[in-house]
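Structural characterization, general
For reference, the chains in residue letters:
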Amino acid sequence: MDSVQMISHIEQSLNYSVYDVKWIPCTAKFVSLGSKPKGTGVVQIYQLNRGTLELVKETEREKSLKCCSFGASKLRTEHLAVGDFAGKLAVYDLERMDAPPVYEVAAHDGIINTLDATGGSTVNCGAPEIVTGGRDGAVKVWDPRQPNDPVANICPASKDSRRDCWAVGFGDSHNAVERVVCSGYDNGDLKLIDLRNLKLRWETNVKNGICAVEFDRKDIRMNKLAVSTLEGGLFVYDMRTQHSQKGFASVREKTVGQSLGTNGVIGGAKSTVWTVKHLPQNRDIFVTGGGSGNVRIWLYHYPEKRVTTPADGEEQGVAGTLEMLHATTLSTQPVHTFDWSPDRQGLAVCGSFDQTVRVLITTNLNLH
């Protein structure tokens, strides 16, 4: 069987620090955004054109930009939700970037570290919503159709107990009413919030700051959740069965944060796993981006039985196993943002701390 291979197809150096990249759905274009040295924000749109990258549009913003998503955008519209360093959430029409945003709100006190969005192009799976997580410790859910106030505001009552929120993700949006938000914090706290009932459904601590969380798909009943952390942590939780005491079963990969030597051998000190992204065309395959400039592709294998019933009679989940399909080093600096194309299997874009975006091509993914 041919093995999975990822190659860096095109590299583009930038004159700013890139913080996030996203493919524009139904196009051969992607967005790159970040911060210029003078502290202003920048949004660039690049288009693939016969093996080269063409800069289609560039717009500057008053404040540095941190994160973005097309998840709440309707199909065939290019509405990009963006969080900035001043705590503002804005939704821009990419066809009219010089116009005022179609939605704008002062969302957080200080930087918006992370955001996710859903409900845009998925039919019968709830309202379009954007979730933001900030340095102020708050997690807020916004409906772009409703001005000013969030539809949910999740944060501890005491400011002393608030932790920096580094990662958020939607899931379980399999009908018009069900939806959850998962949030990860700098102290390793992981929380699952039921948005239908506005209550904490589950929480745990993974001992290191959480850099990324992602459900394998947002628009199905909860299935798997991937979590990556500082110090090389990668966890995959089976979200189908929750035990009242033990919570959700999980598997931890212990080599993910280690560097990849020139001989292909994994070793050395563990580095941060900055990002995790599931392949849209196969939810059991996902990629991680590491602090040593590496990118790894993983395949999740389900156990023979996903549920077991111990002597106490209460069902509990059984975790699967992880297989590393491919590993490559793209940069001497961390690869901290990554996005698969939703339309072309194996096509991806990533950003790294060396102020470079790379268009990647991965082959043989359909064999798994």
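Because the structure is a prediction, the values reported are computed rather than measured. (Residues numbered from 1 in each chain as written. Predicted model: local features only at pLDDT ≥ 70, side-chain atom pairs only at ≥ 80, totals over all residues. Heavy atoms only, no water.)

Some points on the overall build of the protein
The number of helices and strands found in the protein is 0 helices and 32 strands. Taking 2.2 N^0.38 as the reference for a compact globule, 368 residues should give roughly 21 Å; the C-alpha atoms of the protein span a radius of gyration of 20 Å, in line with that estimate. Put simply, the protein has 368 residues, and 55% of those count as buried. Only carbon and sulfur atoms are counted for the fraction: they give 44% of the accessible area of the protein, which is about 15,900 Å². Where the 41 positive side-chain charges of the protein centre and where its 42 negative ones centre are 0 Å apart. (Helix = DSSP H or I, 4+ residues; strand = E, 2+ residues; numbered from the N terminus. Rg over C-alpha atoms; globule rule 2.2 N^0.38 Å. Buried < 20%, exposed > 50% of the residue type's maximum accessible area, 1.4 Å probe, protein only. Areas by Shrake-Rupley, 256 points an atom, 1.4 Å probe, with all protein chains shown as cover. Lys, Arg positive; Asp, Glu negative; His and termini not counted. Charge placed at Lys NZ, Arg CZ, Asp CG, Glu CD.)

Examining the sheet that holds strand β11 (residues 129-134)
As summarised here, the arrangement of the 4 strands in space is β10-β11-β12-β13, forming an open sheet in which the pairing is antiparallel. A strand with exactly one partner marks an edge of an open sheet, and here the two such strands are β10 (112-118) and β13 (152-154). Sheet twist, expressed as the mean angle between neighbouring strand axes with direction ignored, is 15 degrees. Sheet analysis places β10 next to β11, joined by 6 bridges and oriented antiparallel. Bridge assignment links T114 to a residue of β11, and that residue is G133. (Pairing = 2+ DSSP bridges. Axes fitted to C-alpha atoms, helices over the stretch in contact; angles between N-to-C directions.)

A short note on unusual backbone geometry
Within the chain, N148 stands out as a residue other than glycine whose phi angle is a positive 75 degrees. Inspection of the secondary structure puts N148 in the loop between β12 (139-142) and β13. You will see that Q355, though not glycine, has its phi angle at about 60 degrees, which is positive. Along the polypeptide, Q355 turns up in the loop between β31 (347-352) and β32 (356-363).

Notes on the pairing of β11
β11 sits mainly inside the fold: 6 of its 6 residues count as buried. Neither face of β11 is left uncovered, since the one carrying E129, V131 and G133 and the one carrying I130, T132 and G134 both have all their residues buried. Strand direction decides the pairing type here: β11 and β12, joined by 4 bridges, are antiparallel. Each bridged residue has a counterpart across the sheet, and for T132 the counterpart in β12 is K140. Count of turn residues in the β11/β12 antiparallel hairpin: 4 residues, of which G137 carries a positive phi of about 85 degrees.

Side note on empty space enclosed by the protein
Scanning the entire structure with this criterion turns up 1 cavity of 30 Å³ or more. The calculated volume of the largest cavity comes to roughly 30 Å³. For the largest cavity, the full set of lining residues is L65, V82, G83, D84, K88, A90 and Y92. The residue makeup of the lining of the largest cavity, split by class, is 4 nonpolar, 1 polar and 2 charged. (1 Å grid on protein atoms, 1.4 Å probe; cavity = no way out; pocket = protein on both sides within 12 Å on 5 of 7 lines; lining within 4 Å. Points joined across faces, edges and corners; volume = space filled by probe spheres on them. Nonpolar A, V, L, I, M, F, W, Y, C, P; charged D, E, K, R; others polar.)

Scope: geometric values only; no functional claims are made or implied.
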